[in-house]
Amino acid sequence: MDLINFRVGQKTISLKILDILLTERFEDNLTSLPNDNKSFIGVKDYMETPTPIFDLGIILNKQSTQETNQSLVELFSEWQQKQQQWFTALENSIKHNQPFNHNTDVQQSNFAKWYSHFKTENEDLKAIIERFKTPHNRLYAKANKLIELVKQNNEKQALVELSIERNSNYMQLIRLFESAKEQILLDHKPIIIFTTKDGRTPHIGLLVDKVEDNISYKKEDIKPLDKLTDVGFDIDPQTKNMMRGLIKLENKHSVLIDPSAIFRPQHLMHQQAEETEEYGLF
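Note that the structure is a prediction, hence the values are computed from the model and not measured.

A. Quick peek at helix 2 (residues 65-96). Across its 32 residues, helix 2 extends 46 Å between first and last C-alpha, which sits within 8% of the 46 Å expected from 1.5 Å per residue. Count one or two residues on from helix 2 and you reach Asn97, which has phi positive near 55°.

Next up, the structure:
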């Protein structure tokens, strides 16, 4: 059976090609309807059929990717503000010959510890993060030299070198902060997957982050749901209903999704989904 993989936050999900009618760019032009389901984000006409759209990020991650990205942008803004405050304090210390009461050991920098352990599937963002280390290290090393110059009553030379540092390593850090925030926001181009149960008419739409690749699977490629806890998944009943197992990829797992289980008739809402031959797994 052929599958298509999609990215949803830090997760990869798989759908059978036969379950997919079409994918299209999400333009944020859905019709809102009153509903208590947080993952239901609106209705869109497809083939003259009003089709409900669900955000898989909310279903799988409890938060939309847009919200996750915005939180990350705000975090970068906080780190940027702290770095600006640090440099302003250094500048005031040199100008007024006052003690500098901030950290100058880059090994003890909370920001350095954070970006050293930061993980992302976004390769462009990862490359930006890796570029923080050099100017950050150089800036902290220079701060110690400038403080030493002030102690030696050489404030004029310290101010000259501080100005050079402002226009080099410090400004490079600021540009990297802006580049990281821009990359997070501009890279997110979500798409809607229109799914089907009969191969002709739309059933529901699923909002995902991006298309990844195509794969083929066999029965032995599927890890049954009773094995999910072995790989650290904590699954609520609603989410478990639409999951049909895990597929082992090269260095991670993909979650196999049955879209027909997300939006079910009222009289079936409280029944557990079954892994049967109908879905072509067992």
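B. Layout of the layout of surface pockets. Considering only enclosed or pocket space, the largest pocket measures out at about 640 Å³ in volume. For the largest pocket, the lining is made up of 23 residues, of which Gly9, Gln10, Thr120, Asn122 and Asp187 are closest to its centre. Breaking the lining of the largest pocket down by element, the ones donating at least two residues are helix 2, helix 4 (123-130), helix 6 (155-187) and strand 8 (210-216). Among the elements that line the lining of the largest pocket, the one with the most residues is helix 2, at 4 residues.

C. Expanded view of the pairing of strand 6 (residues 191-196). Among the 6 residues in strand 6, 6 count as buried, and that is most of the element. Covered by surrounding structure in strand 6 are Ile191, Ile193 and Thr195 together with Ile192, Phe194 and Thr196, the residues of both alternating faces. Summarising the sheet, strand 3 (residues 20-25) and strand 6 pair through 5 bridges and their orientation is antiparallel. Across the sheet, Glu24 pairs through a bridge with Ile192, a residue of strand 6.

D. Fine view of the sheet that holds strand 8. Across the sheet, which stays open at both edges, the 6 strands sit in the order 8-1-2-11-10-9 with mixed pairing between neighbours. Only two strands of the sheet have a single partner each, and these edge strands are strand 8 and strand 9 (222-223). Where strand 1 (residues 2-8) and strand 8 come together, 5 bridges link them in antiparallel fashion. Among the inter-strand pairings, Leu3 is bridged to a residue of strand 8, identified as Ile215.

E. Local environment of the packing of helix 2 against helix 3 (residues 110-117). Direction vectors running N to C along helix 2 and helix 3 enclose 145°, while the axes themselves pass 11 Å from each other. Seen along the crossing, helix 2 lies across helix 3 with a hand that is left-handed. Of the residues in helix 3, those touching helix 2 at Leu72, Leu75, Phe76 and Trp79 are Asn110, Phe111 and Trp114.

F. Geometry of helix 4. Residues Leu125, Ile128 and Ile129 constitute the buried set of helix 4. Buried residues of helix 4, viewed axially, fall in a sector of 100°; they line one side. Those residues of helix 4 that are exposed and angled more than 90 degrees off the buried face are Glu123 and Glu130. Those residues of helix 4 that are buried lie in contact with helix 2, helix 3, helix 5 (133-151) and helix 6.

Conventions and cut-offs
Residues numbered from 1 in each chain as written. Predicted model: local features only at pLDDT ≥ 70, side-chain atom pairs only at ≥ 80, totals over all residues. Heavy atoms only, no water. Helix = DSSP H or I, 4+ residues; strand = E, 2+ residues; numbered from the N terminus. Expected span 1.5 Å × (residues − 1). 1 Å grid on protein atoms, 1.4 Å probe; cavity = no way out; pocket = protein on both sides within 12 Å on 5 of 7 lines; lining within 4 Å. Points joined across faces, edges and corners; volume = space filled by probe spheres on them. Buried < 20%, exposed > 50% of the residue type's maximum accessible area, 1.4 Å probe, protein only. Pairing = 2+ DSSP bridges. Axes fitted to C-alpha atoms, helices over the stretch in contact; angles between N-to-C directions. Left-handed = near helix turned anticlockwise from the far one by under 90°. Contact = heavy atoms within 4.5 Å. Arc of directions from axis to C-beta.

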